Amino acid sequence: MFEFLLRMGDTTLVLGHRVSEWCGHSPVLEEDIALANIALDMIGQTRMWLGLAGEVEGQGRDADALAFRRDAWDFRNLLLVERPNRDFGHTLMRQFLFDLWHHERLSDLCLSEDDRVAGIAAKCVKEADYHLERSKDLIIRLGDGSAESHQKMQAALEALWPYVGEMFSDDTLDSEMSEAGIAPLPSSQRPRFDKALNTTLALATLTRPENDFAQLGGRSGTHTEDLGHMLATMQFLQRAYPDARW
Amino acid sequence: MVTEAQIWAWLGEVPDPEIPVLSLVELGVIRQVDVGQGVLVKITPTYSGCPATSVIKLDIEAKLRENGVENPRLETQISPPWTTDWIKPEAHEKLRAYGIAPPIAGQPHCPLCNSSNTTLISPFGSTPCKSHYKCGDCLEPFDAFKCH
């Protein structure tokens, strides 16, 4: 259960931090505000997942301790969300692929037999719904936009595609969660994801990559180099000044 | 012995930190008040990451202490999740007068000229709970409460 909650909370934490890196740097003011708001939602959701993880673990660690005092190999986030921001199109494509998965995942978790998980999911899914609407809209506008925006969105899709499969890969922990009625197998979401993805990509005139090779490891603690760099920035204060408070 | 009704009345005087024309009660974030074993107030956040949540707790605690309530307990309750349906109907008019279009299903009306000829500029506005619109008639930009 603890590991399962880390997978949810670490994924929203890492994406929330990545998205927050855009604050003050976005191409237009409205997008800057939108990205900051999305990052805020992600961090808020993280508080709930990691807060519950700390409770379940029972070792006295709260959400902050879990976020700021663990090393890269202890993180259980999806590899997709630790990918660097690169250009704006790349950031949006990562967000879109994530939102599509996240929305399905949370919708399923609303039916969890664990009331605490269902409660958090019900709170988060409303936000995820809103994020997905925005992501879809922008993917269609930029994919079906100018020659340059189309080319950038297609390049982003191809670069991020190897990280899509991990969202739907099952392991022993997933089987345990599924048997306990806490969370359905991630693979069970794939058909719904594919259907929604294909619809949006068609409207965006983007081509779905054919090679479904998937990079795995994030959910069991094997990360790309980028996560370590991100954590070095994110955790600096608590590492340099342990227990510092506002 | 303080009554639940008294606590509700005090909380009705605490303004929301982001939208001060509304009280926390009108915003629908106070879910429960209990005076059984000391004072307990259950609060639900509007959005999970809303930075106003911690200020809200601080304001509630200050208000209760100011009225002689010792050590009030404040708990966060996330389920059922907050919805704009919990914003009291009388609060809609206050929001409009303050320049924020109240949460309604469908196209928001301009809070200044009441025109329904409005366009979404950005799904995210100045706070997590609002989106940004423009009026096609009086041309003023405005914030609209997201309806959900």
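The structure presented is a predicted model; accordingly, all values stated were derived computationally and were not measured. (Residues numbered from 1 in each chain as written. Chains lettered and ligands numbered in written order. Predicted model: local features only at pLDDT ≥ 70, side-chain atom pairs only at ≥ 80, totals over all residues. Heavy atoms only, no water.)

For an interface, size is often stated in terms of accessible area lost upon the parts coming together. Counting from both sides, the interface comprises 21 residues of chain B and, opposite them, 19 residues of chain A. Between chain B and chain A the total buried area reaches about 1,700 Å² when both faces are included, carbon and sulfur atoms providing 66% of it. Counting the contacts that link chain B with chain A gives zero salt bridges. Run the count over chain B and chain A and you get eight residue pairs in polar contact (both at pLDDT 80 or more). (Contact = heavy atoms within 4.5 Å. Buried area = accessible area lost by both parts, 1.4 Å probe. Salt bridge = Lys/Arg side-chain N within 4 Å of Asp/Glu carboxyl O. Polar contact = N/O pair within 3.5 Å; in protein donor to acceptor, adjacent residues only side chain to side chain.)

It is worth spelling out the pairing of strand β1 (residues 30–34) of chain B at this point. Residues and elements named next belong to chain B. Sheet topology places β1 next to strand β2 (residues 40–43); four bridges connect them, and they run antiparallel. Its bridge partner being in β2, Val33 is matched across the sheet by Val41. Hairpin connection between β1 and β2: a loop of five residues separates the two successive antiparallel strands, and Gly38 in this loop has a positive phi of roughly 75 degrees. (Pairing = 2+ DSSP bridges. Helix = DSSP H or I, 4+ residues; strand = E, 2+ residues; numbered from the N terminus.)

Let us now look at the domain arrangement of chain B. All names here are of chain B. When cut into domains, chain B gives domain 1 (4–82) and domain 2 (89–145). Spacing between the C-alpha centres of domain 1 and domain 2 amounts to 26 Å. On the side of domain 2, 10 residues touch domain 1, which itself brings 11 residues to the contact. Of all residues in domain 1, the largest losses of buried area upon contact with domain 2 belong to Ile19, Val21 and Glu26, amounting jointly to 48% of the total for that side. Viewed at the interface, domain 2 and domain 1 are joined by one salt bridge. Of the charged contacts in the structure, one is a salt bridge between Glu26 and Lys94, with a shortest N-O distance of 2.6 Å. At the boundary of domain 1 with domain 2, the tally comes to one residue pair in polar contact (both at pLDDT 80 or more). Considering only residue class, the side of domain 1 that touches domain 2 consists of nine nonpolar, no polar and two charged. (Domains from an automatic or database assignment. Nonpolar A, V, L, I, M, F, W, Y, C, P; charged D, E, K, R; others polar.)

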